[in-house]
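# Coordinate inspection notes
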Amino acid sequence: MSTQPRSNIVLIGFMGTGKTTVGLKLADRLGWPMIDTDEEIVKKAGMSIPELFATHGEAHFRTLEREVVRETLAGSHRVISTGGGAVLAEENRACMSERGFVAALSASLETIVERVKNDSNRPLLQGSGLEEKVRTMLQERQDAYRFADLTIDTSPLAADDIAEHIFNAWTKERLKREELSG
Ligand SMILES: Nc1ncnc2c1ncn2[C@@H]1O[C@H](COP(=O)(O)OP(=O)(O)O)[C@@H](O)[C@H]1O
Ligand SMILES: O=C(O)C1=C[C@@H](OP(=O)(O)O)[C@@H](O)[C@H](O)C1
Ligand SMILES: [Mg+2]
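Note that residues are indexed from 1 along each chain, following the sequence as it is written. Chains and ligands are labelled by the order in which they are written, letters from A for the one and numbers from 1 for the other. This being a predicted model, a pLDDT of at least 70 is required before a residue's local features are given, and a value of 80 or more before pairs of side-chain atoms are given or counted; all residues contribute to the totals for chains, interfaces and linings. For side-chain calculations, the full set of non-hydrogen atoms in the structure is used, while hydrogens and water are omitted.

For clarity, the cut-off: UniProt positions are given in the numbering used here, feature names are shortened, and annotations may be inferred rather than shown by experiment.
In the nomenclature of an unreviewed UniProt entry, the protein chain is known as Shikimate kinase of Paenibacillus chitinolyticus. Regarding the protein chain, the relevant UniProt record gives this comment under Function (unreviewed entry): "Catalyzes the specific phosphorylation of the 3-hydroxyl group of shikimic acid using ATP as a cosubstrate." Listed in UniProt under the heading Catalytic activity (unreviewed entry), the comment for the protein chain reads: "shikimate + ATP = 3-phosphoshikimate + ADP + H(+)".

Next comes the structure, spelled out in structure tokens:
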């Protein structure tokens, strides 16, 4: 790909951990554009995420998501907020690590439920038994988020503070890389 490795910052994590919210703050802090993969998928498909799942199914959503991850990470100096399931594809994880500094956001079960319960935009969490759904999916997916360079429990933190934390960790890693390359 490009000669600039890991020149993006990628936010991963379960639904409701704050990837979209924190991504906007972090991009603002860096003066970089923020790209939300869900937003790009909506543009490509010409329909909302619930419509896309209902009309073409999750598999088609995942195909578009892989395309969007590849396309957005081909650029540099972008903050990329991903959807919670993007990490389930090995090719996405590989691309994220190669092209970006990867920050994982986490949150307690209670916090996630509280943050997503009134939002009808996440098809995988619709219907009854929200807490049980989140508990099961968190267990199924927990290993997929472990490849991150950094993990932050967002439950007790404000979005600004999380963005600052990621900014500081990324700055530290960049300085280390510059020192090593002389
Ligand atoms: N650190 C935070 N503290 C309190 N509320 C938050 C925090 N981060 C996100 N939220 C709220 O939680 C909801 C989900 O956030 P969002 O950024 O859409 O998460 P994600 O993109 O990870 O699914 C939104 O209503 C948002 O305002
Ligand atoms: O975890 C998932 O599988 C999904 C997460 C959503 O994004 P957020 O994590 O931003 O809610 C969105 O991509 C879609 O509803 C599927
Ligand atoms: Mg989001």
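### Some remarks on the environment of S48
Put simply, the rule reads: By definition, any uninterrupted DSSP run of H or I lasting at least four residues is a helix, any uninterrupted run of E lasting at least two residues is a strand, and each is numbered from the N terminus.
Inspection of the secondary structure puts S48 in the loop between α2 (37-45) and α3 (49-56). Sequence separation between S48 and K133 is 85 residues; the distance between their C-alpha atoms is 22 Å.

### Thoughts on the UniProt feature "binding site: ATP" (unreviewed entry) in the protein chain
Operational definition: Here a residue-residue contact requires only that any non-hydrogen atoms of the pair lie within 4.5 Å.
The residues that UniProt annotates with the feature "binding site: ATP" (unreviewed entry) are G16, T17, G18, K19, T20, T21 and R122. When sequence neighbours within four positions are dropped, the list of residues in contact with T20 reads M34, D36 and S81. Along the chain, the position of T21 falls in helix α1 (residues 19-30).

### Observations regarding the UniProt feature "binding site: substrate" (unreviewed entry) in the protein chain
Operational definition: Exposure is judged per residue with a 1.4 Å probe applied to protein chains only, and the accessible area is read against the type maximum: over 50% gives exposed, under 20% gives buried, and values in between give partly exposed.
As recorded in UniProt, the feature "binding site: substrate" (unreviewed entry) lies at D38, R62, G84 and R141. With respect to the element layout, R62 can be found in helix α4 (residues 58-73). Overall, the relative accessible area of 14% leaves R62 in the buried class. Discounting residues that sit within four places of it in the chain, R62 has contacts with G85, A86, L124 and R141. When you line up the elements, R141 lands in helix α7 (residues 130-141). The exposure class assigned to R141 is buried, which follows from its relative accessible area of 5%. Once residues within four sequence positions are removed from consideration, R141 is found in contact with F14, M15, R62, G84, G85, L88 and L124.

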